[in-house]
Amino acid sequence: MTAARFVRFQGTARHPRGHFPGVFALANGLAREGALDPAEHRFWRAANDWYDAAYPDPSVKDPTVYDHGLNPGAVAWFRADARHLLDRVPGYLALLTAHGVAWERVETDDPGRVVYEDEVQVVAVPRPDPAPRS
């Protein structure tokens, strides 16, 4: 058995639009709500700055990538071999856990219809669930 090619860390509760928010959206939400104490805020700010410098923002390269009309439910996935990016995720997960935000790790070889990709990530629209069999 081979390891999955893509990994995502996401909340366990669906967003009103139907997708599961990713780890960065969840942490950014805590910061926006003012829920972080000063040490957590320093961690969050420094970690976000590092990620902003370490890899491209898909929505800057292609402003339509997360457009709900064009790409409904599009979400980002790390490439599983992007170790330098994945190694920093546990700090975010600890932050979410400390604030009671449930999260999960999801792995796949098929994230869906890829609408953006670079050397460390893809953004994909999930494939529709197959119709139930009668």
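In case you missed it, the structure is sitting above this.
In this convention, every chain numbers its residues from 1, walking through the sequence in written order. Given that the model is predicted, a residue must reach a pLDDT of at least 70 before its local features are reported, and side-chain atom pairs must reach 80 or more before they are shown or counted; all residues, however, enter totals for whole chains, interfaces and linings. Hydrogens and water are ignored here; the side-chain numbers use all heavy atoms of the structure.

Re helix 1 (residues 23-32)
The following threshold applies: Only protein chains enter the accessibility calculation, which uses a 1.4 Å probe; a residue is then buried when its area is under 20% of its type maximum, exposed when over 50%, and partly exposed in between. Under the scheme used here, helices are H or I runs from DSSP no shorter than 4 residues and strands are E runs no shorter than 2 residues, and both carry numbers assigned from the N terminus. When checking whether two residues touch, look at their non-hydrogen atoms; a contact exists if any pair is within 4.5 Å.
With 7 of 10 residues buried, helix 1 lies mostly within the body of the structure. Of the positions making up helix 1, those classed as buried are V23, F24, L26, A27, G29, L30 and A31. On its buried face, helix 1 is in contact with strand 1 (6-11), helix 2 (38-54), strand 2 (75-79) and helix 5 (89-98). G34, located one to two residues past helix 1, shows a positive phi value of around 75°.

Digging into the pairing of strand 2
Which entries qualify depends on this criterion: A pair of strands is considered paired only if DSSP assigns at least 2 bridges between the two.
Of all the 5 residues making up strand 2, 4 are buried; the element is thus mostly covered by neighbouring parts of the structure. The pairing of strand 1 with strand 2 spans 2 bridges and is classified as antiparallel. The residue bridging V7 from the neighbouring strand is F78, located in strand 2. Summarising the sheet, strand 2 and strand 5 (residues 121-125) pair through 4 bridges and their orientation is antiparallel. Counted as the bridge partner of A76 is V123 from strand 5.

Read these as layout, nothing more, since geometry by itself doesn't imply function.
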